[in-house]
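So you can see what is in the structure, the chains are spelled out below.
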Amino acid sequence: MPYYSGFLLAVPTANRDAYRDMAASAWEIFKEHGCLGAVETWGVDVPDGSVTSFPMAVKKTEDETVVFSWMVWPDKATADKGWDAVMADPRMKDMPEMPFDGMRMMWGGFEPLFTAGTPA
């Protein structure tokens, strides 16, 4: 059964290109360790909420944009093994500094409940 790693974070809007470049570089490493696909989305219609919202969840500031991302793995066991391998991969130490505040990033692992069409 597929398994998904999901992420929600705020990236300084001025760092859009640096974030995209970091994601593209990291993808090469994740792919080698079993990840099937990755999607990085840049918020264009992410409203503030009054009780809860994506911007509130990541404590987005005026100069930041919400990013919503996910990675697809063949199964949870591959994801667990892949994440361990990625974190131990020496190339990760050569990655540039994250162009966002990692303390405000949220992540988690998910099993599919329902899919339709052609999910990425």
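Note that the coordinates shown come from a computational prediction; the quantities given were computed from them, not determined experimentally.

Enquirer: Got a minute to help me understand the packing of aromatic side chains in this structure?
Expert: Think of a pair of aromatic rings as described by two things: how far the centres are apart, and how the planes are tilted against each other in angle. Following the criterion strictly, the structure yields seven aromatic pairs and no others. Ring centres of Y19 and F100 lie 5.8 Å apart, and the angle between their planes is 65°; on these two criteria the pair is classed as edge-to-face. Placement of the pair is Y19 in helix α1 (residues 16–32) and F100 in the loop between α3 (76–88) and β4 (106–110), with a sequence separation of 81 residues. Assigned by exposure class, Y19 and F100 land together as buried. Residues W73 and W83 carry aromatic rings whose centres are separated by 6.4 Å and whose planes lie at 45° to one another, so their mutual orientation is tilted. Residue W73 is found in strand β3 (residues 64–73), and its partner W83 is found in helix α3; the two are separated by ten residues along the sequence. In this structure W83 comes out as partly exposed when scored by relative accessible area, which is 24%. Three or more aromatic residues link up through ring pairs in this structure, and these residues are F7, F30, W73 and W83.

Enquirer: What is the right way to look at the pattern of salt bridges in this model?
Expert: Two side chains carrying opposite charge are able to pair once their charged atoms lie near each other. Summed over the entire model, instances satisfying the criterion amount to eight salt bridges. R20 is paired through a salt bridge with D21; the nearest N and O atoms lie 3.7 Å apart. Classification of R20 by relative accessible area gives partly exposed; the value is 48%. Residue D101 pairs with R104 through a salt bridge whose shortest N-O separation is 3.1 Å. Judged by its relative accessible area of 18%, R104 falls in the buried class. Salt bridges sharing partners connect three or more residues here, namely D17, R20 and D21.

Enquirer: When you look at unusual backbone geometry in this model, what are you seeing that I'm missing?
Expert: Trans peptide bonds make up most of the peptide bonds, and negative phi angles are found at most residues other than glycine. In this structure, K59 is a non-glycine residue whose phi angle is positive, near 55°. Its location among the elements puts K59 in the loop between α2 (54–57) and β3. On the basis of relative accessible area, K59 is assigned to the exposed category, the value being 60%.

Enquirer: What am I meant to see in the environment of A77 here?
Expert: Among the structural elements, A77 can be located in helix α3. On the accessibility criterion, A77 (55% relative accessible area) is exposed.

Enquirer: How should I be thinking about the pairing of strand β1 (residues 3–12) in this particular structure?
Expert: Note on strand geometry: in a regular strand, side chains alternate between the two faces of the sheet. Here β1 lies mainly inside the structure; nine of its ten residues are buried. Two elements, β1 and β3, share ten bridges in a ladder whose sense is antiparallel. Residue L9 lies in a different strand from β3, and its bridge partner there is V67. By the bridge criterion, five bridges tie β1 to β4 in an arrangement that is antiparallel. Of the residues in β4, the one forming a bridge with L8 is M106.

Conventions adopted
- Residues numbered from 1 in each chain as written.
- Predicted model: local features only at pLDDT ≥ 70, side-chain atom pairs only at ≥ 80, totals over all residues.
- Heavy atoms only, no water.
- Phe/Tyr/Trp six-rings, centres within 6.5 Å; stacked < 30°, edge-to-face > 60°.
- Helix = DSSP H or I, 4+ residues; strand = E, 2+ residues; numbered from the N terminus.
- Buried < 20%, exposed > 50% of the residue type's maximum accessible area, 1.4 Å probe, protein only.
- Salt bridge = Lys/Arg side-chain N within 4 Å of Asp/Glu carboxyl O.
- Pairing = 2+ DSSP bridges.

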